[in-house]
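Architecture at a glance
Spelled out from the first residue to the last, the chains are:
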Amino acid sequence: MSQKEFERESKGQKPVLAICYDFDKTLSPNDMQAQGYIQSVRYDVGDFWTESNELAENNEMDQNLAYMYKMVQTAEGNIVFTKERLTDYGAHVTLFPGVEDWFKRICEYGTAKGVIVEHYIISSGLKEMIEGTSVARQGVFKKIYASSFYYDPKTGVAKWPAQVVNYTNKTQFLFRIEKGVLDINDQGVNDSFAPEEMRVPFRNIVYIGDSDTDIPCMKLVNSYGGHSIGVYNAATNDKSKVYKMMHDGRIKYYVPADYSEGKELDNLVKSIIDRTVANEVLEDIYYQCKKENLEADKQNNEEGRKKTDLLIALESSGSFATTHSTIKALNGFDNWTSDEKELLFNIAVENSQVFYVLGDLDIKIFYQNLLRNIPRLTENARKVKEKIEK
């Protein structure tokens, strides 16, 4: 079993807003593999994806494993399939308008509002290619969760899938972000966290995607009070996918995939940041009230236990000294229920040690206080009253 110590992110004083992105057709207009790689292995883009999907269907194979296998297969005799080569392909991936300066700009807006903004990639595409993009090279992503290969340490050639991210297991990364347990091998993601301990509660998670493969993440974020945004290519103005996702309740908003300043997406995310500021003020107040209430409940429980112990001591008192010391302790409480009062009257009547000293000043005052504001005296209360008034 691994003894590795995993680094985890802890909750700080400032709220964190995590913006999570799919990549293909969300940040880039096309599949990353179709922007250089497929052409370099002498394949038609359509034929590559048709054969990849048929491979998955005919072998009950995950579609992402199928395309990764297809990439390795088609590279044979054409290119040396290394991490460096894939990273280089990533450097040539086209991005939607405004993406280049989006991440820094949104972080700066968050900072000005007192919110830490973090950007995450959750994609079925290739991590190596995403890492090669101009934006990833700027270090704008807190974490990139994507499919990747294992490379032969001697030759550097891809040998086996190291990580496969498909549309269903994408959701695990949202829980990692929520808890600050970011390493994919850290089993701490299964630990239980109190709501107020979550580093990035779901209400502070934004998921931006474009298609059906994003639906599980979008639905999860929506269900827990976060913000899911569908984007579409403004160049084609094809809104069919976002219309369907909106109709099915998968997304809260949809906008063109234009990340430029002043555009719809820019204004929308800035509004979410503004709302986060107000939300966190209210959440802080709520958790302060909750904490105070829990402390009060704890105190009440402790008080109840002490009362019970003292009532038992008075009921079983066998000496005048014990009776006086117990009454002295009982005087420390002033919130007696009607049932507790009746029990005290019953003890006073049935325990002769208590009944005999009802006229003593300390005990007399204690029972006089109990008798106040009682609209109707019970039999035992009447007997106590008569005794202390003699």
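Further up the page is the structure itself.
Residues numbered from 1 in each chain as written. Predicted model: local features only at pLDDT ≥ 70, side-chain atom pairs only at ≥ 80, totals over all residues. Heavy atoms only, no water.

1. Considering the sheet that holds strand E5 (residues 205–209)
Strand order in this open sheet of seven strands is E4-E3-E2-E1-E5-E6-E7, and the pairing throughout is mixed. Of all the strands in the sheet, just strand E4 (158–163) and strand E7 (253–256) have a single pairing partner and so form its edges. Within the sheet, the average angular offset between the axes of one strand and its neighbour, ignoring direction, is 25°. For E5 and strand E6 (residues 227–232), the ladder comprises four bridges, and the chain directions are parallel. Within E6, the position partnered with Tyr 207 by the bridge is Ser 228. (Pairing = 2+ DSSP bridges. Helix = DSSP H or I, 4+ residues; strand = E, 2+ residues; numbered from the N terminus. Axes fitted to C-alpha atoms, helices over the stretch in contact; angles between N-to-C directions.)

2. With respect to the environment of Lys 387
Of note, Lys 387 is situated in helix H16 (residues 379–388). Measuring from C-alpha to C-alpha, the distance between Lys 387 and Phe 355 comes to 8.2 Å, with 32 residues separating the pair along the chain. Not counting the four nearest positions on each side in its chain, Lys 387 is found in contact with Phe 355, Tyr 356 and Leu 358. (Contact = heavy atoms within 4.5 Å.)

3. As for the pairing of E7
Pairing analysis gives four bridges linking E6 to E7, with the strands arranged parallel. Looking at E7, one finds that Ile 229 is bridged to Tyr 253. The parallel pair E6 and E7, bridged by helix H10 (residues 240–247), forms a crossover whose chirality is right-handed. (Right-handed = clockwise from strand over helix to strand, strands pointing away.)

4. Some words on the side chain of Asn 166
Counting through the fold element by element, Asn 166 comes out in the loop between E4 and helix H8 (171–179). Here the side chain of Asn 166 touches Thr 168 through a polar contact of 2.8 Å, side chain to side chain. With residues up to four places along the chain from it excluded, the contact list for Asn 166 reads Asp 62, Asn 64 and Ser 124. (Polar contact = N/O pair within 3.5 Å; in protein donor to acceptor, adjacent residues only side chain to side chain.)

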